[in-house]
Amino acid sequence: TNTETLSLPDRRPMRVFVALPEGTPPERGWPAMLVIHDIAGFRDDVRRIATRFADFGIAALAPALFDGAGPPGICVFRTLRDCQKGEGAAFDRIEAAQQYLADKNSIDPERIGITGFCLGGGFAIFYAARGGVRVCAPYYGETPKEAEQLANVCPVVAGFGERDTSFVGTGRRLESHLEALGIPHDVKIYPGVGHSYMNDHGSGPVMSAIMRITPLHAAYDEPAAEDSWRRMFEFFARHL
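Rules of the game
- Throughout this document, residue positions are counted from 1 along each chain, in the order its sequence is written.
- Owing to the predicted nature of the model, reporting of local features is limited to residues with pLDDT of at least 70; listing and counting of side-chain atom pairs is limited to 80 or more, with chain, interface and lining totals taken over all residues.
- Side-chain calculation: all heavy atoms of the structure are included, whereas hydrogens and water are not.
- Only buried Ala, Val, Leu, Ile, Met, Phe, Trp, Tyr and Cys residues count toward a nonpolar core, and they belong to the same one when joined by side-chain atoms within 4.5 Å.
- Exposure classes here rest on a 1.4 Å probe applied to the protein chains alone. A residue is buried below 20% of its type maximum, exposed above 50%, and partly exposed in between.
- Any pair of residues with heavy atoms lying within 4.5 Å of one another is described as a contacting pair.
- The rule for pairing is simple: two strands pair if DSSP sees at least two bridges between them.
- A run of H or I in DSSP counts as a helix once it spans at least four residues, and a run of E counts as a strand once it spans at least two, with each numbered from the N terminus.
- For helices, the fitted axis covers only the stretch in contact; all axes are lines through C-alpha atoms, and the angles between them, taken along N-to-C directions, range from 0 to 180 degrees.
- In what follows, salt bridge is the name for a side-chain nitrogen of Lys or Arg lying within 4 Å of a carboxyl oxygen of Asp or Glu.
- Think of a polar contact as two N or O atoms within 3.5 Å of one another; within protein, one of them needs to be a possible hydrogen donor and the other a possible acceptor, and neighboring residues in sequence only count if both atoms come from side chains.
- What sets the label is the angle itself: under 35 degrees gives roughly parallel, over 145 gives roughly antiparallel, 65 to 115 gives roughly perpendicular, and the rest give oblique.
- Each helix crossing is assigned a hand: it is left-handed if the near helix lies turned anticlockwise from the far helix by less than a right angle, otherwise right-handed if that turn is clockwise.
- Note on residue categories: nonpolar means Ala, Val, Leu, Ile, Met, Phe, Trp, Tyr, Cys or Pro, charged means Asp, Glu, Lys or Arg, and polar means any other residue, Gly included.
- Here a pair means two rings of Phe, Tyr or Trp (six-membered ring of Trp) with centres within 6.5 Å. Their orientation is stacked below 30 degrees between planes, edge-to-face above 60, and tilted elsewhere.

Colleague: Talk me through the nonpolar core; I want residue IDs and the actual numbers.
Modeller: With 79 residues, the main nonpolar core has Val35, Phe53, Ile114 and Phe236 as its most contacted residues. Residue contacts for Ile114: discarding those within four places in its chain leaves Met33, Leu34, Ile36, Ile94, Ala124, Tyr127, Ala128, Val133, Val135, Cys136 and Ala137.

Right, dumping it as structure tokens:
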């Protein structure tokens, strides 16, 4: 596992964290996942998540999505705007990350999926809707408004928290769209759980208390997180 730097199409650098499984890759290469971070950015938590994929035998690459999007503050605004539109330069950065991953000799370019959390969850589903990835695992993020926008999406496994009043509706909408389209899926709404239940940023007690009383009710929840990992790996065994 290590942090590398790729050159974007506009020649700006973007950091990526790469986590590869131990040992010799299979003849056709390892399956792989793009891991899109939450709004907190390129921090230890996304590296932890990428490493867990590698421990399971799936290579992972986590791009620093705010790199190349402008100075601090502006980069977050621009990236969030692209997610809300479902298009823009941030998607070009994800595409560059996918190509960088696919070009590695140890990776099977035909078996690349995408996952994301919060902000990254929205990017994951909108990016997957373009085609070109084998599986998508979005967590508590935005969802396209119309089912037709997901006509070309791959199989989807997802999770949302019932107490996350800002995004639980998007989870139900996602499940409805996939059901209507006949796309293989596993979408679960976790009772008693809020936003960011798979992200463990290790916030202090004051910040944790504040986040728990917002409409997001954001907090890491180990039982829900572990169940999501189980469901995700079982889904990948069938579709990735």
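Colleague: How would you summarise the sheet that holds strand β7 (residues 156-161) if you had to cite specific residues and measurements?
Modeller: What the 8 strands build is an open sheet, ordered β1-β2-β4-β3-β5-β6-β7-β8; its pairing is mixed. Pairing within the sheet leaves two strands with one partner each, and these edge strands are β1 (2-7) and β8 (185-190). Between one strand and the next, the sheet's axes are offset by a mean angle of 20°, whatever the strand orientation. Pairing between strand β6 (residues 136-139) and β7: 2 bridges, direction parallel. Note on β7: the bridge partner recorded for Tyr139 is Gly159. Across the sheet, helix α5 (residues 168-181) is in contact with β6, β7 and β8; its angle to β8 comes to roughly 155°.

Colleague: An account of the pattern of salt bridges is needed here, citing residue identities and associated values.
Modeller: Where charged atoms of side chains with opposite charge meet at close range, the side chains can pair. With the rule as written, the count across this model stands at 13 salt bridges. Asp82 serves as the salt-bridge partner of Arg81, at 4.0 Å between the closest nitrogen and oxygen. Judged by relative accessible area, which is 36%, Arg81 ranks as partly exposed. For Lys188, the salt bridge identified is with Asp227, shortest N-O distance 3.0 Å. Here Lys188, found in strand β8, pairs with Asp227, found in helix α7 (residues 222-239); they are 39 residues apart in sequence, far enough to count as distant.

Colleague: Break down the side chain of His177 for me, citing the residues and quoting the values.
Modeller: Within the fold, His177 resides in helix α5. Residues contacting His177, with those up to four places away along its chain left out, are Thr143, Pro144, Lys145, Glu146, Ala147 and Leu150.

Colleague: Can you explain the side chain of Asp82? Please cite residues and give values.
Modeller: Among the secondary structure elements, Asp82 is positioned in helix α2 (residues 74-85). Look at Asp82 and you get buried, because its relative accessible area is 4%. A distance of 3.3 Å separates a polar side-chain atom of Asp82 from the backbone nitrogen of Ala89. If we skip the residues at most four places from it in the chain, Asp82 touches Glu87, Gly88, Ala89, Ala90, Phe91 and Phe123.

Colleague: Hey, could you go over the environment of Phe126 for me, with residue numbers and the actual values?
Modeller: Mapping Phe126 onto the fold places it in helix α4 (residues 119-128). You can call Phe126 buried: its relative accessible area is 13%.

Colleague: I'd like a rundown of the packing of α2 against α4, residues and numbers included.
Modeller: One way to put it is that α2 packs onto α4 with a least axis distance of 9 Å and a crossing angle of 40°. Comparing the axis directions of α2 and α4 gives the class oblique. Crossing angle aside, the handedness with which α2 passes α4 is left-handed. Side by side, α2 and α4 meet where Thr79, Leu80, Asp82 and Cys83 of the first sit next to Leu119, Gly122, Phe123 and Phe126 of the second. The residue inventory of the contact of α2 with α4, partitioned by class, reads 5 nonpolar, 2 polar and 1 charged.

Colleague: Break down the packing of aromatic side chains for me, citing the residues and quoting the values.
Modeller: Scanning the model with the defined rule gives 12 aromatic pairs in all. Between Phe233 and Phe236 the ring centres are 6.5 Å apart and the planes differ by 70°, which places this aromatic pair in the edge-to-face class. Placement of both Phe233 and Phe236 in helix α7 is noted, with a separation of 3 residues, approximately one turn of the helix. Residue classification places Phe233 among the buried positions, given a relative accessible area of 10%. Among the aromatic residues, those joined into a cluster by ring pairs are Phe53, Phe56, Trp229, Phe233 and Phe236.

Bear in mind that shape data such as this cannot, by itself, settle questions of function.
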